Amino acid sequence: MESSITNTSTRYGWAMIVLHWLIGIIFIGQFVLGFVMMRIESQRTAFELIQLHKSFGFLLLGLIIPRIAWRLGNIVPALPSSVGGLERQAAPLAHFALYLFQITLPLSGWALVSVSTLEIPSMPFNLFVMPNLPLAVSDAAESFWTAAHWYLAYAGIALVVLHVLAALRHHFWLRDSVLARMITPSSAGE
(Lines give C-alpha, C1' and ligand atoms only; values in the text may rest on other atoms or scores of the structure.)
Protein backbone atom coordinates (compact mmCIF):
# COMPACT_ATOMS: atom_id res chain seq x y z
CA MET A 1 0.00 0.00 0.00
CA GLU A 2 1.06 3.55 -0.69
CA SER A 3 2.00 5.70 2.31
CA SER A 4 -0.11 8.74 3.06
CA ILE A 5 1.00 12.28 3.82
CA THR A 6 -2.00 12.77 6.12
CA ASN A 7 -2.91 11.07 9.38
CA THR A 8 -5.50 8.34 9.77
CA SER A 9 -7.42 7.22 12.85
CA THR A 10 -4.61 4.77 13.73
CA ARG A 11 -1.33 6.25 12.40
CA TYR A 12 0.42 9.50 11.61
CA GLY A 13 1.14 10.40 8.00
CA TRP A 14 4.50 11.31 6.47
CA ALA A 15 4.10 15.05 7.10
CA MET A 16 3.66 14.69 10.85
CA ILE A 17 6.33 12.00 11.16
CA VAL A 18 8.95 14.08 9.32
CA LEU A 19 8.11 17.22 11.29
CA HIS A 20 8.10 15.29 14.59
CA TRP A 21 11.56 13.76 14.11
CA LEU A 22 13.12 16.83 12.49
CA ILE A 23 11.91 19.11 15.28
CA GLY A 24 12.89 16.55 17.92
CA ILE A 25 16.43 16.26 16.57
CA ILE A 26 16.83 20.03 16.32
CA PHE A 27 15.37 20.55 19.81
CA ILE A 28 17.76 18.04 21.41
CA GLY A 29 20.65 19.26 19.25
CA GLN A 30 19.99 22.82 20.40
CA PHE A 31 20.37 21.78 24.02
CA VAL A 32 23.68 20.03 23.27
CA LEU A 33 24.92 22.96 21.17
CA GLY A 34 23.92 25.46 23.85
CA PHE A 35 25.70 23.43 26.51
CA VAL A 36 28.90 23.18 24.42
CA MET A 37 28.98 26.79 23.21
CA MET A 38 28.86 28.12 26.77
CA ARG A 39 31.81 25.97 27.86
CA ILE A 40 34.23 26.29 24.96
CA GLU A 41 37.51 28.15 25.45
CA SER A 42 37.98 29.66 21.98
CA GLN A 43 36.00 32.90 21.63
CA ARG A 44 35.96 32.59 17.84
CA THR A 45 34.57 29.04 17.97
CA ALA A 46 32.09 30.06 20.68
CA PHE A 47 30.89 32.96 18.49
CA GLU A 48 30.41 30.63 15.50
CA LEU A 49 28.54 28.09 17.66
CA ILE A 50 26.32 30.83 19.08
CA GLN A 51 25.45 31.97 15.54
CA LEU A 52 24.69 28.34 14.62
CA HIS A 53 22.57 27.98 17.78
CA LYS A 54 20.61 31.10 16.83
CA SER A 55 20.19 29.79 13.26
CA PHE A 56 18.71 26.50 14.42
CA GLY A 57 16.55 28.37 16.95
CA PHE A 58 14.97 30.39 14.15
CA LEU A 59 14.58 27.21 12.08
CA LEU A 60 12.88 25.50 15.02
CA LEU A 61 10.49 28.42 15.41
CA GLY A 62 9.78 28.31 11.68
CA LEU A 63 9.05 24.56 11.74
CA ILE A 64 6.87 24.45 14.84
CA ILE A 65 4.26 26.79 13.35
CA PRO A 66 3.41 24.48 10.40
CA ARG A 67 3.61 21.48 12.73
CA ILE A 68 0.96 22.92 15.03
CA ALA A 69 -1.15 23.94 12.03
CA TRP A 70 -0.85 20.42 10.60
CA ARG A 71 -1.80 18.91 13.95
CA LEU A 72 -4.87 21.15 14.20
CA GLY A 73 -5.90 20.44 10.62
CA ASN A 74 -5.53 16.65 10.72
CA ILE A 75 -7.04 13.82 12.67
CA VAL A 76 -5.00 12.72 15.68
CA PRO A 77 -4.67 8.93 15.76
CA ALA A 78 -6.54 7.38 18.67
CA LEU A 79 -4.51 5.89 21.48
CA PRO A 80 -4.59 2.08 21.71
CA SER A 81 -7.16 0.61 24.06
CA SER A 82 -4.33 -0.54 26.36
CA VAL A 83 -3.66 3.10 27.36
CA GLY A 84 -5.23 3.88 30.72
CA GLY A 85 -7.44 6.80 31.67
CA LEU A 86 -4.78 8.84 33.45
CA GLU A 87 -2.42 8.54 30.48
CA ARG A 88 -5.23 9.52 28.11
CA GLN A 89 -5.70 12.72 30.10
CA ALA A 90 -1.96 13.40 30.47
CA ALA A 91 -1.00 12.83 26.81
CA PRO A 92 -2.68 15.96 25.37
CA LEU A 93 -1.29 18.07 28.21
CA ALA A 94 2.23 16.72 27.61
CA HIS A 95 1.96 17.43 23.88
CA PHE A 96 0.68 20.94 24.58
CA ALA A 97 3.64 21.51 26.94
CA LEU A 98 6.09 20.25 24.30
CA TYR A 99 4.62 22.62 21.70
CA LEU A 100 4.72 25.47 24.20
CA PHE A 101 8.41 24.87 24.95
CA GLN A 102 9.22 24.58 21.24
CA ILE A 103 7.77 28.06 20.77
CA THR A 104 8.87 29.80 23.97
CA LEU A 105 12.47 28.59 23.89
CA PRO A 106 13.32 30.10 20.48
CA LEU A 107 11.32 33.23 21.34
CA SER A 108 13.21 33.65 24.62
CA GLY A 109 16.49 33.24 22.73
CA TRP A 110 15.37 35.81 20.17
CA ALA A 111 14.41 38.16 23.01
CA LEU A 112 17.82 37.58 24.59
CA VAL A 113 19.76 38.58 21.47
CA SER A 114 17.35 41.48 20.91
CA VAL A 115 18.03 43.05 24.33
CA SER A 116 21.76 42.24 24.46
CA THR A 117 24.02 45.21 25.04
CA LEU A 118 26.55 43.59 22.67
CA GLU A 119 24.11 44.21 19.78
CA ILE A 120 25.51 41.36 17.66
CA PRO A 121 23.24 40.74 14.68
CA SER A 122 21.65 37.34 14.19
CA MET A 123 22.32 35.92 10.74
CA PRO A 124 20.47 32.61 10.28
CA PHE A 125 22.83 30.31 8.39
CA ASN A 126 24.61 33.47 7.11
CA LEU A 127 21.73 34.11 4.69
CA PHE A 128 20.25 37.35 6.03
CA VAL A 129 20.11 39.54 9.11
CA MET A 130 17.17 38.66 11.35
CA PRO A 131 15.65 41.81 12.83
CA ASN A 132 15.55 42.06 16.59
CA LEU A 133 12.32 42.03 18.52
CA PRO A 134 11.21 45.56 19.53
CA LEU A 135 12.51 45.30 23.10
CA ALA A 136 14.61 47.77 25.09
CA VAL A 137 18.34 47.00 25.26
CA SER A 138 19.67 46.83 28.82
CA ASP A 139 21.84 44.77 31.13
CA ALA A 140 18.82 43.99 33.31
CA ALA A 141 16.76 42.76 30.36
CA GLU A 142 19.68 40.68 29.13
CA SER A 143 20.07 39.08 32.56
CA PHE A 144 16.33 38.33 32.71
CA TRP A 145 16.19 36.73 29.23
CA THR A 146 19.42 34.81 29.83
CA ALA A 147 17.92 33.24 32.96
CA ALA A 148 14.56 32.64 31.28
CA HIS A 149 16.20 30.95 28.28
CA TRP A 150 18.38 28.80 30.56
CA TYR A 151 15.49 27.66 32.79
CA LEU A 152 13.22 27.01 29.81
CA ALA A 153 15.98 24.95 28.15
CA TYR A 154 16.46 22.68 31.16
CA ALA A 155 12.72 22.33 31.74
CA GLY A 156 12.21 21.62 28.03
CA ILE A 157 14.88 18.94 27.89
CA ALA A 158 13.41 17.32 31.04
CA LEU A 159 10.03 17.20 29.28
CA VAL A 160 11.65 15.68 26.18
CA VAL A 161 13.35 13.01 28.32
CA LEU A 162 9.97 12.13 29.86
CA HIS A 163 8.41 12.01 26.39
CA VAL A 164 11.13 9.66 25.12
CA LEU A 165 10.89 7.44 28.21
CA ALA A 166 7.10 7.24 27.82
CA ALA A 167 7.47 6.25 24.14
CA LEU A 168 10.06 3.59 25.01
CA ARG A 169 7.82 2.29 27.83
CA HIS A 170 4.97 1.88 25.36
CA HIS A 171 7.18 0.16 22.80
CA PHE A 172 9.24 -2.19 24.97
CA TRP A 173 7.20 -2.71 28.11
CA LEU A 174 3.57 -2.35 27.09
CA ARG A 175 4.28 -3.47 23.51
CA ASP A 176 1.56 -1.32 22.02
CA SER A 177 1.56 0.82 18.85
CA VAL A 178 2.13 4.28 20.39
CA LEU A 179 5.73 4.60 19.15
CA ALA A 180 5.26 2.57 15.97
CA ARG A 181 2.60 4.92 14.65
CA MET A 182 5.16 7.78 14.74
CA ILE A 183 7.67 5.66 12.80
CA THR A 184 5.61 3.89 10.16
CA PRO A 185 3.31 6.20 8.21
CA SER A 186 -0.35 5.63 7.52
CA SER A 187 -1.41 4.00 4.29
CA ALA A 188 -3.48 5.73 1.66
CA GLY A 189 -6.15 3.01 1.99
CA GLU A 190 -6.48 3.22 5.81
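Relevant structure appears above.
An account of the accompanying structure is given in this report. Predicted, not measured: the structure shown is a model, and the values here were computed from it. (Residues numbered from 1 in each chain as written. Predicted model: local features only at pLDDT ≥ 70, side-chain atom pairs only at ≥ 80, totals over all residues. Heavy atoms only, no water.)

**Observations regarding the packing of aromatic side chains**
Applying the stated criterion to the full structure yields six aromatic pairs. Taking the centre distance of 5.3 Å and the plane angle of 85 degrees together, the rings of phenylalanine 58 and tryptophan 110 count as edge-to-face. Taken together, the residues span a long stretch of sequence, with phenylalanine 58 in helix α2 (residues 43–73) and tryptophan 110 in helix α3 (residues 85–115) at a distance of 52 residues. Neither phenylalanine 58 nor tryptophan 110 differs from the other in exposure class; each is buried. Where tryptophan 150 meets tyrosine 154, the ring centres are 4.5 Å apart and the plane angle is 50 degrees; that geometry is what we call tilted. Taken together, the positions of tryptophan 150 and tyrosine 154, both in helix α4 (residues 139–174) and four residues apart, correspond to about one turn of that helix. Residue class for tyrosine 154 comes out partly exposed when judged on its relative accessible area of 31%. We note arginine 39 situated over the ring of phenylalanine 35; from NZ or CZ to the ring centre the distance is 3.7 Å. A cation sits over an aromatic face here: arginine 169 above tryptophan 173, 5.8 Å from the ring centre. (Phe/Tyr/Trp six-rings, centres within 6.5 Å; stacked < 30°, edge-to-face > 60°. Helix = DSSP H or I, 4+ residues; strand = E, 2+ residues; numbered from the N terminus. Buried < 20%, exposed > 50% of the residue type's maximum accessible area, 1.4 Å probe, protein only. Lys NZ or Arg CZ within 6 Å of the ring centre and 35° of its normal.)

**A look at the nonpolar core**
Phe27 and Trp110 are the most contacted members of the largest nonpolar core, which has 25 residues in total. Here this core takes seven residues from α3, the largest share from any one element. (Core = buried A, V, L, I, M, F, W, Y, C linked by side-chain atoms within 4.5 Å.)

**Some words on a nonpolar patch on the surface**
Taken together, the side chains of Ile28, Val32, Phe35, Val36, Ile40, Trp150, Tyr151 and Tyr154 make up a nonpolar region of the molecular surface, amounting to roughly 730 Å² of accessible area. Only α1 (14–37) and α4 provide two or more residues apiece to the nonpolar patch. It is α1 that contributes the most residues to the nonpolar patch, four residues altogether. (Patch = residues over 30% accessible without salt bridge, like charges linked within 9 Å, V, L, I, M, F, W, Y side chains within 5 Å. Areas by Shrake-Rupley, 256 points an atom, 1.4 Å probe, with all protein chains shown as cover. Salt bridge = Lys/Arg side-chain N within 4 Å of Asp/Glu carboxyl O.)

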